[in-house]
Amino acid sequence: MKIGFIGCGNMATAMIRGILDSKKVTAGEMIASAKSDATREKISRELGICVAGTNSEVVDFADVIFLAVKPQYYEEVIAEIREEIRQDQIIVTIAPGKTLHWLAERLGEDKKIIRTMPNTPAMVKEGMMGMCKNELVTEEEMQQVKEICESFGKAEVVPESLIDVVVGVSGSSPAYVFMFIEAMADAAVADGMPRAQAYKFAAQAVLGSAKMVLETGMHPGALKDMVCSPGGTTIEAVRVLEEKGMRSAVIEASKACVKKGREM
Ligand SMILES: NC(=O)C1=CN([C@@H]2O[C@H](COP(=O)(O)OP(=O)(O)OC[C@H]3O[C@@H](n4cnc5c(N)ncnc54)[C@H](OP(=O)(O)O)[C@@H]3O)[C@@H](O)[C@H]2O)C=CC1
Ligand SMILES: O=C(O)[C@@H]1CCC=N1
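Worth saying up front: this structure is predicted, and the values here are computed from it rather than measured.

So, on to the UniProt feature "domain: Pyrroline-5-carboxylate reductase dimerisation" (unreviewed entry) in the chain. As annotated by UniProt and renumbered to match this structure, "domain: Pyrroline-5-carboxylate reductase dimerisation" (unreviewed entry) occupies residues 160-264. Here residues 160-264 is 82% helix and 0% strand, with 15 Å between the C-alpha atoms at its ends.

Further remarks concern the packing of aromatic side chains. Throughout the structure, instances matching the rule amount to 1 aromatic pair. Consider the rings of Phe5 and Phe66, whose centres lie 4.6 Å apart with planes at 5°: the pair is stacked. Of this pair, Phe5 sits in strand S1 (residues 3-6) while Phe66 sits in strand S4 (residues 64-67); the two residues are 61 residues apart in sequence, bridging distant segments of the chain. Overall, Phe66 belongs to the buried group, its relative accessible area being 1%. Between the NZ or CZ atom of Lys2 and the centre of the ring of Phe61, over which it lies, the distance is 5.1 Å. Directly above the ring of Trp102 sits Lys98, whose terminal nitrogen or CZ lies 4.6 Å from the centroid.

We note that Lys23 has phi near 60°; this positive angle belongs to a residue other than glycine. In this structure, Lys23 sits in the loop between helix H1 (10-22) and strand S2 (30-33). For Lys23, a relative accessible area of 70% corresponds to the exposed category. Its identity is not glycine, yet Lys125 carries a phi of approximately 60°, on the positive side. Exposure remark for Lys125: the relative accessible area of 37% places this residue in the partly exposed category.

The biggest cluster of nonpolar side chains holds 63 residues, and the ones touching the most others in it are Phe5, Ile6, Ile16, Met30, Phe66 and Tyr74. Per element, the largest residue contribution to this core is 7 residues, and it comes from H1.

Turning next to a negative patch on the surface. Together, Glu57, Asp60, Glu76, Glu80 and Glu84 make up a negatively charged patch on the protein surface. Only helix H3 (55-61) and helix H4 (71-81) provide two or more residues apiece to the negative patch. Of note, Glu80 is situated in helix H4.

This next bit is on the UniProt feature "domain: Pyrroline-5-carboxylate reductase catalytic N-terminal" (unreviewed entry) in the chain. According to UniProt, the positions carrying the feature "domain: Pyrroline-5-carboxylate reductase catalytic N-terminal" (unreviewed entry) are residues 2-96. The span residues 2-96 shows a helical share of 44% and a strand share of 19%, and its end C-alpha atoms are spaced 25 Å apart.

A word on the packing of helix H8 (residues 173-190) against helix H9 (residues 195-216). It is at 8 Å that the axes of H8 and H9 come closest, and there the two elements cross at 135°. Accordingly, the angle class assigned to the pair H8 and H9 is oblique. In this structure, H8 meets H9 at a crossing whose hand is right-handed. Across the interface between the two elements, Val177, Phe180, Ile181, Glu182, Met184, Ala185, Asp186, Ala188 and Val189 from H8 touch Arg195, Ala198, Tyr199, Ala202, Ala203 and Val206 from H9.

Attention shifts here to the pairing of S4. Of the two faces of S4, the one carrying Val64 and Phe66 and the one carrying Ile65 and Leu67 are both buried. Relative to S4, S1 runs parallel, the two sharing 4 bridges. Bridge pairing in S4 links Gly4 to Ile65. Sheet analysis places S4 next to strand S5 (residues 90-93), joined by 4 bridges and oriented parallel. Residue Phe66 lies in a different strand from S5, and its bridge partner there is Val92.

So, about the domain arrangement of the chain. You can read the domains of the chain as domain 1 (3-159) and domain 2 (171-263). The distance between the C-alpha centroids of domain 1 and domain 2 comes to 32 Å.

Okay, the site of ligand 1 next. Every one of the 23 residues lining ligand 1 counts as a neighbour, but Asn10, Met11, Ser36, Thr39 and Val69 are closest to it. A distance of 2.6 Å separates an oxygen atom of ligand 1 from a polar backbone atom of Ser36. Summarising the interface, the protein chains cover 81% of the accessible area of ligand 1, which totals 900 Å² for the free molecule. Along the lines of polarity and charge, the residues of the shell around ligand 1 split into 13 nonpolar, 8 polar and 2 charged.

Rules used throughout
- Residues numbered from 1 in each chain as written.
- Chains lettered and ligands numbered in written order.
- Predicted model: local features only at pLDDT ≥ 70, side-chain atom pairs only at ≥ 80, totals over all residues.
- Heavy atoms only, no water.
- UniProt positions renumbered as here; feature names shortened; annotations may be inferred.
- Helix = DSSP H or I, 4+ residues; strand = E, 2+ residues; numbered from the N terminus.
- Phe/Tyr/Trp six-rings, centres within 6.5 Å; stacked < 30°, edge-to-face > 60°.
- Buried < 20%, exposed > 50% of the residue type's maximum accessible area, 1.4 Å probe, protein only.
- Lys NZ or Arg CZ within 6 Å of the ring centre and 35° of its normal.
- Core = buried A, V, L, I, M, F, W, Y, C linked by side-chain atoms within 4.5 Å.
- Patch = residues over 30% accessible without salt bridge, like charges linked within 9 Å, V, L, I, M, F, W, Y side chains within 5 Å.
- Areas by Shrake-Rupley, 256 points an atom, 1.4 Å probe, with all protein chains shown as cover.
- Salt bridge = Lys/Arg side-chain N within 4 Å of Asp/Glu carboxyl O.
- Lys, Arg positive; Asp, Glu negative; His and termini not counted.
- Charge placed at Lys NZ, Arg CZ, Asp CG, Glu CD.
- Axes fitted to C-alpha atoms, helices over the stretch in contact; angles between N-to-C directions.
- Parallel < 35°, antiparallel > 145°, perpendicular 65-115°, else oblique.
- Left-handed = near helix turned anticlockwise from the far one by under 90°.
- Contact = heavy atoms within 4.5 Å.
- Pairing = 2+ DSSP bridges.
- Domains from an automatic or database assignment.
- Near = heavy atom within 4 Å.
- Polar contact = N/O pair within 3.5 Å; in protein donor to acceptor, adjacent residues only side chain to side chain.
- Nonpolar A, V, L, I, M, F, W, Y, C, P; charged D, E, K, R; others polar.

As structure tokens, this is what we get:
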């Protein structure tokens, strides 16, 4: 299977690295395009895959084509490649807000489309991707693309109605988690810990906590309770977080994120 990327920025680079490392596809079977010469040179130098001078070259080469440009460029890029896409090719999108209906209207109702929402932890092969497809993509094709995407983390098929929710809970949420880590480290620095050490302690605590949720299957509330000794330190922190509205802040932020995606 030959894989192409139209656009090769943060998200595409993370995905390409994971795919190459998995050895499911060789560098010679992958191609990417970009807007600038600087990015094209970077693709060649840092990823070692084929570099396309135009988006048409990606379409000409690949069986599966990831549209990895910003959402505001989707319309013009689709208009540019629309006539060249064959019915046996699969278009995979990674932008928020672009529904299967919106995409089929522009790509053509006869085109195979998979709509996904990845996240940047793909960079360290710990990505989380939600994906859905139109009826022209067979279950076997969906499975093949899912396996490719599992080379940079976890991937799960969801109904399209949940893809906007995926943006809030995993597409954008790494940004909230980085803010949480930064804030915890700032507090540690304020209490005298060197900054680099503070990031390590805060990030490892988040990594370990996330692993506990995934590996024990226990309720996050029960895991929280395990940390809170009666009359201890943690419950004091929990009391202040509740007083400052931490849960509500996260819920409202995530709902604003989902709302924005639906409007795009
Ligand atoms: N960043 C994230 O956390 C996530 C992003 N996404 C989605 O991924 C997509 C890409 O985002 P991201 O990687 O962050 O964006 P970047 O800005 O990092 O990358 C966009 C890429 O598109 C290229 N590009 C722009 N216009 C064209 C064009 N006309 N033809 C070909 N290439 C073009 C740019 O080229 P050049 O480098 O030369 O400017 C660049 O390589 C977006 O739709 C975004 O919503 C989804 C989930 C998470
Ligand atoms: O901020 C954005 O629009 C993109 C989509 C999900 C993460 N980043």
